[in-house]
Amino acid sequence: MAGTGNSDAAWALVDEWMGTLRDLAGVSQLAVGWDQETLMPASAAPGRAHLAGTLAALEHRELVRPDVGDALAALAEVEHDDPDRRAIVRWALRDRARAAAVPEDLAR
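Residues numbered from 1 in each chain as written. Predicted model: local features only at pLDDT ≥ 70, side-chain atom pairs only at ≥ 80, totals over all residues. Heavy atoms only, no water.

**Side note on a negative patch on the surface**
A surface patch of like charges, here negative, comprises Glu79, Asp81, Asp82 and Asp84. Positionally, glutamate 79 belongs in the loop between α3 (66-76) and α4 (83-100). Here glutamate 79 falls in the exposed class, since its relative accessible area comes to 74%. (Patch = residues over 30% accessible without salt bridge, like charges linked within 9 Å, V, L, I, M, F, W, Y side chains within 5 Å. Areas by Shrake-Rupley, 256 points an atom, 1.4 Å probe, with all protein chains shown as cover. Salt bridge = Lys/Arg side-chain N within 4 Å of Asp/Glu carboxyl O. Lys, Arg positive; Asp, Glu negative; His and termini not counted. Charge placed at Lys NZ, Arg CZ, Asp CG, Glu CD. Helix = DSSP H or I, 4+ residues; strand = E, 2+ residues; numbered from the N terminus. Buried < 20%, exposed > 50% of the residue type's maximum accessible area, 1.4 Å probe, protein only.)

**What to know about the environment of glutamate 77**
Within the secondary structure, glutamate 77 is located in the loop between α3 and α4. Overall, glutamate 77 belongs to the exposed group, its relative accessible area being 69%. Separated by 70 residues in sequence, glutamate 77 and serine 7 have C-alpha atoms that sit 9.9 Å apart.

**Description of the packing of α3 against α4**
Where α3 contacts α4, the two axes come as close as 10 Å, and the packing angle between them is 140°. Taken as axis vectors, α3 and α4 run oblique relative to one another. Considering the relative orientation of α3 and α4, their crossing is left-handed. Of the residues in α4, those touching α3 at Pro66, Val68, Gly69, Leu72, Ala73, Leu75 and Ala76 are Val89, Ala92, Leu93 and Arg96. When the residues that make up the contact of α3 with α4 are grouped by side-chain class, the tally is nine nonpolar, one polar and one charged. (Axes fitted to C-alpha atoms, helices over the stretch in contact; angles between N-to-C directions. Parallel < 35°, antiparallel > 145°, perpendicular 65-115°, else oblique. Left-handed = near helix turned anticlockwise from the far one by under 90°. Contact = heavy atoms within 4.5 Å. Nonpolar A, V, L, I, M, F, W, Y, C, P; charged D, E, K, R; others polar.)

**Observations regarding helix α2 (residues 45-63)**
In a regular helix each residue adds 1.5 Å, so 19 residues correspond to 27 Å; α2 covers 27 Å between its end C-alpha atoms and thus fits that length. Of the positions making up α2, those classed as buried are Gly53, Leu55, Ala57, His60, Glu62 and Leu63. (Expected span 1.5 Å × (residues − 1).)

**Here we look at the packing of aromatic side chains**
Two aromatic rings are characterised by how far apart their centres lie and by the angle between their planes. The tally for this structure, following the rule as stated, stands at zero aromatic pairs. Arginine 85 extends its terminal NZ or CZ atom over the ring of tryptophan 11, reaching a point 4.2 Å from the ring centre. (Phe/Tyr/Trp six-rings, centres within 6.5 Å; stacked < 30°, edge-to-face > 60°. Lys NZ or Arg CZ within 6 Å of the ring centre and 35° of its normal.)

**Here we look at the side chain of arginine 96**
Relative to the helices and strands, arginine 96 resides in helix α4. One buried charged residue, arginine 96, forms no salt bridge at all, with the nearest opposite charge on aspartate 70 at 6.6 Å. With residues up to four places along the chain from it excluded, the contact list for arginine 96 reads Leu63, Val64, Arg65, Pro66, Val68, Gly69 and Leu72.

**Points about α3**
Note: α-helices contain 3.6 residues per turn, so residues at a spacing of three or four share the same orientation. Of all the positions in α3, only Val68, Gly69, Ala71, Leu72 and Leu75 are classed as buried. In an axial view of α3, the angular spread of the buried residues amounts to 165°, which keeps them on one side of the axis. Facing away from the buried surface of α3 by more than 90 degrees, the exposed residues are Pro66 and Asp70. (Arc of directions from axis to C-beta.)

Rendered as structure tokens:
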């Protein structure tokens, strides 16, 4: 079953991609959100703004990765018995399309 193998490889790539996005969100929350709310002196604001922009750009790059777009497009063509998998593909395609509509400089 070549289709199953391709689907498995696509899911593996999408799983890795979602893990990277979770990692970026965690770093962003820790490095920017929590620190800004609890410890950041006013003089650190420009540095934190640069860090927040860099993290936003990294997240944007991940969202618009061409290989992930190809994997998601392939998965969208496959019938999934699992409603969670259907939802993951639908939401990921939506989030990716939104990110693709915005230039990275603006996302930063």
